Amino acid sequence: QVHVVESGGGLVQPGGSLRLSCVASGSISSILSMGWYRQAPGNQRDLVARVYSSGTTNTADSVKGRFTISRDNAKNTLYLQMNSLKPEDTAVYSCNAVGIQSTTRGIYDIWGQGTQVTVSS
């Protein structure tokens, strides 16, 4: 089994910052990519940013220049540094990890429970 757990959400004023963390654990042989997605009420879940094992990143235009994705491979941990937050960034932020299991050698594609980010004055 592979699990991912997010943390770091909360309430912040417009213009403020938050850093989200996502830790992957369990039967992990390798992590091919990890990403952050967000879903606001009534909306679909959208990509925020994703990082691949090659180091390549993919970031949504709506957050470019404000959000930075990074990964600590030694800790199997993904981060999302969010600066200059806006009310429209309010959403549940979820972490996704894709990789190879150490036990079955099969592919896992795992989602966390999500963490709420609310930007409001």
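Residues numbered from 1 in each chain as written. Predicted model: local features only at pLDDT ≥ 70, side-chain atom pairs only at ≥ 80, totals over all residues. Heavy atoms only, no water.

Enquirer: Could you give an account of the pattern of salt bridges, naming the residues involved and the relevant values?
Expert: Counted by the stated rule, this structure contains 3 salt bridges. A salt bridge links D61 to K64; its shortest N-O distance comes to 3.2 Å. Given the relative accessible area of 67%, D61 is considered exposed. Put simply, D89 and R66 hold a salt bridge, and the shortest N to O gap is 2.7 Å. Taken as a pair, D89 in the loop between β8 (77–82) and β9 (91–101) and R66 in the loop between β6 (57–59) and β7 (67–72) lie far apart in primary sequence, 23 residues in all. We note that D89, like R66, is buried. Through salt bridges with shared partners, a single network forms among R38, R66 and D89. (Salt bridge = Lys/Arg side-chain N within 4 Å of Asp/Glu carboxyl O. Buried < 20%, exposed > 50% of the residue type's maximum accessible area, 1.4 Å probe, protein only. Helix = DSSP H or I, 4+ residues; strand = E, 2+ residues; numbered from the N terminus.)

Enquirer: With reference to specific residues and values, describe the pairing of strand β5 (residues 46–52).
Expert: Bridge analysis of strand β4 (residues 28–39) against β5 gives 6 bridges, and the strand direction is antiparallel. Of the residues in β5, the one forming a bridge with Y37 is L47. Hairpin connection, β4 to β5: the antiparallel pair is bridged by 6 residues, and G42 has positive phi, about 80°. Across 3 bridges, the pairing between β5 and β6 is antiparallel. Opposite R50, over in β6, you have N58 as the bridge partner. (Pairing = 2+ DSSP bridges.)

Enquirer: Lay out the side chain of R50 in plain terms, naming residues and giving numbers.
Expert: Assignment of secondary structure puts R50 in strand β5. Buried charge R50 goes without a salt bridge, the closest partner of opposite sign being D109 at 5.7 Å. Here S33 takes part through its side chain, which lies 3.0 Å from a polar atom of the side chain of R50. For R50, the side chain forms a polar contact with the side chain of N96, separated by 2.6 Å. (Lys, Arg positive; Asp, Glu negative; His and termini not counted. Polar contact = N/O pair within 3.5 Å; in protein donor to acceptor, adjacent residues only side chain to side chain.)

Enquirer: How would you explain the environment of P14 if you had to name every residue and give the values?
Expert: Mapped onto the secondary structure, P14 falls in the loop between β2 (10–12) and β3 (18–26). Judged by its relative accessible area of 42%, P14 is partly exposed. Residues within four places of P14 in sequence aside, it is in contact with L85, P87, V119, S120 and S121. (Contact = heavy atoms within 4.5 Å.)

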